[in-house]
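Residue-level listing of the chains:
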Amino acid sequence: MGATGRTGRLVVEQALTRGDQVVAYVRNTKGIEASPGLKIIAGQLADVLALRAAINGGDAVLVCLGTHGKRMKKNVDLMQTSMPSIIKAMQETNVARLVLESAYGVGDSARTAGWIARVVYKAVVSAIYQDKDRSEALLPSSGLKCTRVYPVMLTDGPRADAVEVRPMTQVQKVAGLPKVSRADVARVMLDAARDDETIGQTLLVSRTGSVR
């Protein structure tokens, strides 16, 4: 989900490079190019029947949905309206493994941020973060095997040689306003999908040296 977005494109690209068979469920097929190993299905996030058809037979669902541009300052409900359909489709197809791209600063994770970061979260992305937080409240009772990925501020730069990937339960403080590339986030999501030890975890993804 979100395969035409800036992180989603990289998830698809890296998954294909790893030899995975990928299904991209997209609203507009013009936003993604055909490739060997890639099946493109057009559909809406509210269409549970179409979602079921796309998810059925899969090993994991990776969600990279996001809200951008002018919609950032308006009432945001993308994740609140989409998550129930995704959960239902996964439950009905018995595909339990979910890897969700969210954001550092959502929910309780904000308590570990510095004061500048907390101001940014409240002033700039408050509506988006509230939408994510409310949608993620549905996950504990869903029965899904979920890993949530919480990256810090995102860039379109290349993959780094090393990034900090740490369960939020082991994070005391994140200094300043660190950044991480979407390419690194894509890699972490694909790694998590293969690692059952990450089930039930919320993983912080940040630059090396920014976390204690």
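Everything in this summary refers to the structure shown in the same document. (Residues numbered from 1 in each chain as written. Predicted model: local features only at pLDDT ≥ 70, side-chain atom pairs only at ≥ 80, totals over all residues. Heavy atoms only, no water.)

**A few points about the side chain of Arg166**
Right, so step 1: Mapping Arg166 onto the fold places it in strand E7 (residues 163–167).
Right, so step 2: Judged by relative accessible area, Arg166 falls into the buried class, the value being 18%.
Right, so step 3: Side-chain polar atoms of Arg166 contact the backbone oxygen of Gln170, separated by 3.3 Å.
Right, so step 4: Excluding its chain neighbours within four sequence positions, the residues that come into contact with Arg166 are Val171, Thr202, Leu203, Leu204, Val211 and Arg212. (Helix = DSSP H or I, 4+ residues; strand = E, 2+ residues; numbered from the N terminus. Buried < 20%, exposed > 50% of the residue type's maximum accessible area, 1.4 Å probe, protein only. Polar contact = N/O pair within 3.5 Å; in protein donor to acceptor, adjacent residues only side chain to side chain. Contact = heavy atoms within 4.5 Å.)

**Focus on the pairing of E7**
Right, so step 1: Burial within E7 is extensive, with 4 of its 5 residues counted as buried.
Right, so step 2: Looking at chain direction, E7 and strand E9 (residues 202–207) are connected through 5 bridges and run antiparallel. The residue of E9 that forms the bridge with Val163 is Arg207. (Pairing = 2+ DSSP bridges.)

**Description of a nonpolar patch on the surface**
Right, so step 1: Taken together, the side chains of Trp115, Ile116, Val119, Met153 and Leu177 make up a nonpolar region of the molecular surface, amounting to roughly 490 Å² of accessible area.
Right, so step 2: Per-element tally for the nonpolar patch: the top contributor is helix H4 (residues 115–123), with 3 residues.
Right, so step 3: With respect to the secondary-structure elements, Ile116 resides in helix H4.
Right, so step 4: Residue Ile116 is classed as partly exposed on the basis of its relative accessible area, which comes to 42%. (Patch = residues over 30% accessible without salt bridge, like charges linked within 9 Å, V, L, I, M, F, W, Y side chains within 5 Å. Areas by Shrake-Rupley, 256 points an atom, 1.4 Å probe, with all protein chains shown as cover. Salt bridge = Lys/Arg side-chain N within 4 Å of Asp/Glu carboxyl O.)

**Some details on the packing of aromatic side chains**
Right, so step 1: Overall, the coordinates contain 2 aromatic pairs when judged by the stated rule.
Right, so step 2: Between Tyr104 and Tyr121 the ring centres are 6.1 Å apart and the planes differ by 85 degrees, which places this aromatic pair in the edge-to-face class. Here Tyr104 is found in the loop between strand E4 (97–101) and H4, whereas its partner Tyr121 is found in helix H4, with 17 residues between them in sequence. In terms of burial, Tyr104 and Tyr121 fall into one category: buried.
Right, so step 3: When the ring of Tyr121 is compared with that of Tyr129, the centres are 5.4 Å apart and the planes differ by 40 degrees; the resulting orientation is tilted. Of the two residues examined, Tyr121 and Tyr129, each falls in the buried class. (Phe/Tyr/Trp six-rings, centres within 6.5 Å; stacked < 30°, edge-to-face > 60°.)

**A closer look at the environment of Ser82**
Right, so step 1: By secondary structure assignment, the location of Ser82 is in helix H3 (residues 78–93).
Right, so step 2: According to the relative accessible area criterion, Ser82 is buried, its value standing at 3%.
Right, so step 3: Separated by 98 residues in the primary sequence, Ser82 and Val180 have C-alpha atoms spaced 26 Å apart.
Right, so step 4: The residues touching Ser82, leaving out its near neighbours within four places in the chain, are Leu45 and Leu65.
Right, so step 5: At 2.7 Å, the side chain of Ser82 forms a polar contact with the backbone oxygen of Leu78.

**Observations concerning the nonpolar core**
Right, so step 1: With 40 residues, the main nonpolar core has Tyr104, Met189 and Leu204 as its most contacted residues.
Right, so step 2: Looking at this core element by element, the count peaks at 6 residues for helix H6 (residues 182–194).
Right, so step 3: Once residues within four sequence positions are removed from consideration, Tyr104 is found in contact with Ser109, Thr112, Ala113, Tyr121, Tyr129, Tyr150, Pro151, Val152, Met168, Val174 and Leu204.
Right, so step 4: Core analysis: the second largest hydrophobic core is formed by 23 residues, Ile55, Val61, Leu139 and Cys146 among them. (Core = buried A, V, L, I, M, F, W, Y, C linked by side-chain atoms within 4.5 Å.)

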